[in-house]
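# Coordinates in review
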Amino acid sequence: MATRARRRAGGSALRTAQWTAAGVLTGTGLLGLLLFALGRAQAWQALGGGLVVAGASTVLGGALGFLFGVPRVKSGSGEPQGSYAPNTNLEQVSDWLTKVLLGVGLTQLGSLGERLHQLGTALAPALGGEDAAVPFGAALVLYFLVLGFLAGWLVTRLALPRVLTETDEALDLFLAGQDRDRHGDKVGADDLRVRAMQQLGLLGGSADQPAALAAQLPPSSDSPTGPDGVVAEVRSTAKRSALTADQVRALFADGSEGRRIQALALMQGDPSLADLPSVLEAIERPRSGFEQYHALLAARGLLSRLPGAEAQRLRDAVAAQLVDPQGIPYGSDRSWLAEKILSRLQAVAFVPAQPGSLPDGAASADPVQVNPPQANPPQANS
């Protein structure tokens, strides 16, 4: 953990240094433009024209930097699909320019000064129209063109590969969720959709994961992603488990958060093991946001199995957590699940309680009558 903290501190210091350097370079160019404009007879015209020239040069340089910095998709046989590598066009062009300069010779660079003079002459009227505006105009274009190029290239090379990779990963999660939905795994599908939206920054995380939670969960070599991976593995093996509903209920009643989450994961994977009072307790009195999230997932798997009164209890518990300032935070993964549960509870036709349809811990209730009897039934003809 100390190593991770040092890495975060080092990354923060590096970003601070980068922004400071960018601010100093930009400020130097703008300060030079301001001082130049103040010495002109038409100061406002020179300042306005110089800002336009500087802005146009920066945009042009940034566009060139973006083109040189766009990453390419790795296509090697040993490279993972969807990964990105830095674009090497800049190195190739640099090498090509070096060879051209060495081949042609420095004597051919004489025309460069003439071109710069022509550029400064063309920009001089916008900068006050004096003789000093000619070299200053050429220098202003070069300064902000190079500055924009470096900024565009660095931002594209550092940020764009990460954005593209995260978007690809989110798309993979969405597709995996659709595949699970087609196979009837509604809980796993919703979990993957939530993770995809978190990847895109559309939802907040499921609050904090207690430091001791990882030690309380069973070890798993196939799930290196921490508690989330362990829960997913337990959920996937629930239907093959020899545990009974009473044993899962006792596991939840053990008291430790690790065992409570294990029980919720088993309920997610096999709704026949679910215990509604345990799920409601984890929703209304969770040990952490992580536990409440998985309780909502377990409730999601129970929606089509609940009779009317039990569905009303679940609806009231979820709605109360949404409106409670200390309950489910707005814009989080838990709020997305809670709103989806409420919408499903309003649309689903509740089934009547049948023997064996719910575990022993869930009380049976009278079904909602689809066709209630009439108050005054018609009398039969005598």
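Residues numbered from 1 in each chain as written. Predicted model: local features only at pLDDT ≥ 70, side-chain atom pairs only at ≥ 80, totals over all residues. Heavy atoms only, no water.

### What about helix α2 (residues 43–69)?
With 27 residues, α2 should reach 39 Å at 1.5 Å per residue; the first-to-last C-alpha distance of 38 Å fits that figure. Burial in α2 covers these residues: A46, L47, G49, G50, V53, A54, S57, G61, G62, G65 and G69. (Helix = DSSP H or I, 4+ residues; strand = E, 2+ residues; numbered from the N terminus. Expected span 1.5 Å × (residues − 1). Buried < 20%, exposed > 50% of the residue type's maximum accessible area, 1.4 Å probe, protein only.)

### Here's the deal with the pattern of salt bridges
Counted under the stated rule, the structure contains 16 salt bridges. D254 is the salt-bridge partner of R259, the closest N and O atoms lying 3.5 Å from each other. Residue class for D254 comes out partly exposed when judged on its relative accessible area of 44%. Between R285 and E284 there is a salt bridge whose closest N-O contact spans 4.0 Å. Note on R285: relative accessible area 53%, which makes it exposed. Connected through salt bridges with shared partners, the residues D181, K186, D190, R193, R300 and K340 form a single ionic network. (Salt bridge = Lys/Arg side-chain N within 4 Å of Asp/Glu carboxyl O.)

### Here we look at the nonpolar core
By size, the foremost hydrophobic cluster in this structure holds 44 residues, and its most contacted members are L264, M267, V279, I283, L314, V318 and I341. Counting residues per element, the ones that place at least two in this core are α6 (186–199), α8 (227–236), α9 (245–253), α10 (257–269), α11 (276–284), α12 (289–302), α13 (308–323) and α14 (333–347). Counting residues per element, this core draws most heavily on α12, which supplies 8 residues. If near-sequence neighbours (up to four positions away) are discounted, V279 is found in contact with L264, M267, A295, A298, A299 and L302. Listed in part, the 17 residues of the second largest apolar core include L47, V53, A54 and V134. (Core = buried A, V, L, I, M, F, W, Y, C linked by side-chain atoms within 4.5 Å. Contact = heavy atoms within 4.5 Å.)

### Regarding the packing of α6 against α12
Between α6 and α12, the shortest axis-to-axis distance is 8 Å and the interhelical angle comes to 140 degrees. Comparing the axis directions of α6 and α12 gives the class oblique. Where α6 crosses over α12, the two elements pack in a sense that is right-handed. Between α6, through K186, V187, D190, D191 and V194, and α12, the contact on the second element is made entirely by Y293, L297, R300 and G301. (Axes fitted to C-alpha atoms, helices over the stretch in contact; angles between N-to-C directions. Parallel < 35°, antiparallel > 145°, perpendicular 65-115°, else oblique. Left-handed = near helix turned anticlockwise from the far one by under 90°.)

### Some details on the environment of F136
With respect to the helices and strands, F136 occurs in helix α5 (residues 133–182). Exposure remark for F136: the relative accessible area of 18% places this residue in the buried category. Separated by 86 residues in the primary sequence, F136 and G50 place their C-alpha atoms 9.5 Å from one another.

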